[in-house]
Amino acid sequence: MKHSRFQIPDSRLAGILAACLLAAAGCSEEKGSGLGKDFSYDLTELRKVEPHLIGYDEAGTISVPLKEVRGLAVDAKDRVFVAGDDVVAVFDREGKREAEIKAGSASRCLAVAADGTLYVGMKDHVEAYSLKGDRKVVWESLGEKALITSIVVGEGGVFVADAGNRVVVRYDLAGKQLGLIGRKDEARDIPGFVVPSPHLDLAVGRDGLLWVVNPGRHKLQAFTADGDLEASWGKASAGIEGFSGCCNPTDIAVLPDGRFVTAEKGIPRVKVYSAEGVFECVVAAPDRFGKDAVGLDLAVDSLGRVLVLDPQAKKVRVFVRRKRMDG
Amino acid sequence: MPEDRKPIPRREFLRVGVRGVALAAVVGGTGYLATRSREARYVWQLDPSKCTQCGKCATNCVLKPSAVKCVHAFAMCGYCELCTGYFEPEPNALTTAAENQLCPVAALKRTFVEDPYFEYEVDEPLCIGCGKCVEGCRSFGNGSLFLQVRHDRCLNCNECAIAAACPANAFSRVPATQGYLYRPGYSPATRKEG
């Protein structure tokens, strides 16, 4: 049989058709389900960070030989303290392991006072230790619903964030409860903490104010020791200048010059904001962490280095500022 | 003895008796087997902790729409104003306008509770089980949205087409009396499924 110039044999036509269908399927399907892109949840573009926005380099890591790591703190001598399992691991500023302090139960967060007292947060109470590892005192439980997620020591005493009860509890250094901070109070114009997931972090600002993350409102809020709301900043946005998802940031720290460091989950990233809350640069982009990284804890030392506790990697990652942000 | 009450012949009495016993045995046996089979019955279910939200639950079920639906564990939910299971990653506004919604078939309903809390409920007849909202919730939030085979719809095929296609091996047979699998940390005692 002789074909004309414009005729295509049936077998070839079927092949071409099949190839077209396969190509179309390959273009439109996600994960082989047959569903189009409208049915796919994709954060790829939002995880990307412009190189010129990155202002820090990773200078080193401290491996933490614990099964589960949860909390990070740095003292005035730049020693690094990591809460995890039922211990507190202590490292010098170079990352050399100095000691391990046995805690009464699973340690979740910690802070070191100027006198060297180590305050360790368990699920529902705080325990105080000397740096030699002697337990000084066990504070009273905050109740069954309590979930302590952060401790800081400031001029007004010891401040303990209780994510379970959505409040910050103020104590004196001996463990006497002095008051509650952040509970919803319309008369004082305090909106209350919105804590959808167990992340409620604290930091003491250069001005002495207590800075508290209000993750469900995507804000950092500053309180006096007496609980008056003094300042607030932050906005929700998946863009680099805002806080992404339902409830971010999860952790904060304050640099020696008063600027803020923030960490987020969902799109795991660490960023620096000015003391007024204006985005400045990225410390660690999402590609530095695992896709499901959560629970990044932050600390800064006297040199202005940013220390990030990466629970997935079981490492403290140390970031130093680039001399020139050139990407 | 009155004439209309004649004695039943022994053969007739035995025949009726045997029939009665046989009938009772059949009825009783059937009931026993039915009860026993219900106790021992197994149904298909997917493990939320293994699920990767690949979308195959939506396209591989013999039912259209799929018998797999998103369910909502309210006890785990943060009632977020910006729910990442409900909103696009970068919504124009936190409103129910279609362009802000993540669900392609608008099967998730948002209701104001009190500032700043909102409740989210799954409209099951609309849900096709694609898992897009599940991935959104899991990426940022507590994972209170997850996929489950709904047994009021599932035909319980001998060979489940979704189970055969599932790349995560998340499907298994579970006892019908415990036909739902929950995410770790979720207590079924407090559930209010949506």
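It should be emphasised that the depicted structure is a prediction, and the values quoted were computed from it without experimental measurement.

J.: Explain the overall build of chain A to me, please; I cannot follow it from the model alone.
T.: When helices and strands are tallied, chain A shows two helices and 24 strands. Relative to its 327 residues, chain A shows a buried fraction of 43%. Here the contacts in chain A between residues at least 6 apart in sequence split such that 44% fall between residues at least 24 apart.

J.: Just checking my understanding: could you explain the interface of chain B and chain A for this structure?
T.: Residue-level contacts link 23 residues of chain B with 23 residues of chain A. Contributions of two or more residues to the side of chain B that touches chain A are made by helix H2 (56-60) and helix H3 (132-140) of chain B. With five residues, H3(B) is the largest single contributor of residues to the side of chain B that touches chain A. Its residues assigned to classes, the side of chain B that touches chain A comprises 10 nonpolar, eight polar and five charged.

J.: What's the story with unusual backbone geometry in this structure? I'm lost.
T.: Excluding glycine, most residues fall at negative phi; most peptide bonds, likewise, are trans. Geometrically, the link from Asn248(A) to Pro249(A) is a cis peptide bond, its omega value of 0 degrees lying close to zero. Tracing the backbone shows Pro249(A) in the loop between strand S17 (229-233) and strand S18 (251-254). Of the consecutive residues Asp115(B) and Pro116(B), the connecting peptide bond is found in the cis state with omega at -5 degrees. The phi dihedral of Asn169(B) falls on the positive side, at around 50 degrees, and the residue is not glycine. Locating Asn169(B) in the fold gives a position in the loop between helix H4 (161-165) and strand S6 (171-175).

J.: Please explain the sheet that holds strand S3 (residues 80-84) of chain A as it appears in this structure.
T.: Within a sheet, adjacent strands bond to each other through the backbone by hydrogen bonds, running parallel or antiparallel. All names here are of chain A. Spatially, the four strands line up as an open sheet ordered S2-S3-S4-S5, and their pairing is antiparallel. The two strands at the open ends of the sheet, each matched to only one other strand, are strand S2 (69-74) and strand S5 (97-102). On average, adjacent strands in this sheet sit at an angle of 20 degrees to one another, irrespective of strand direction. Bridge count for S2 against S3 is five bridges, and the pairing is antiparallel. Pairing of Val 74 across the sheet is with Val 80, part of S3.

J.: Just to check I follow, could you spell out the sheet that holds strand S11 (residues 157-162) of chain A for this structure?
T.: Residues and elements named next belong to chain A. Taken in spatial order, the four strands make up an open sheet running S10-S11-S12-S13, and their pairing is antiparallel. Across the chains shown, the open sheet's two edge strands, defined by having one partner strand only, are strand S10 (148-154) and strand S13 (177-181). Ignoring which end each strand starts from, the neighbouring axes of this sheet average 20 degrees apart.

J.: Which parts of the structure should I look at to understand H3(B)?
T.: Because the α-helix completes a turn every 3.6 residues, residues three or four places apart line up on one side. Residues and elements named next belong to chain B. Most of H3 sits inside the fold, with nine of its nine residues counted as buried. Among all positions in H3, only Lys 132, Cys 133, Val 134, Glu 135, Gly 136, Cys 137, Arg 138, Ser 139 and Phe 140 are buried. Packing partners of the buried residues in H3 comprise strand S2 (68-72), strand S3 (108-114) and strand S5 (145-149).

Rules behind the numbers
Residues numbered from 1 in each chain as written. Chains lettered and ligands numbered in written order. Predicted model: local features only at pLDDT ≥ 70, side-chain atom pairs only at ≥ 80, totals over all residues. Helix = DSSP H or I, 4+ residues; strand = E, 2+ residues; numbered from the N terminus. Buried ≥ 20, exposed ≤ 12 C-beta atoms within 10 Å, placed from the backbone. Contact = placed C-beta atoms within 7 Å. Nonpolar A, V, L, I, M, F, W, Y, C, P; charged D, E, K, R; others polar. Pairing = 2+ DSSP bridges. Axes fitted to C-alpha atoms, helices over the stretch in contact; angles between N-to-C directions.

That is the geometry; function is a separate question.
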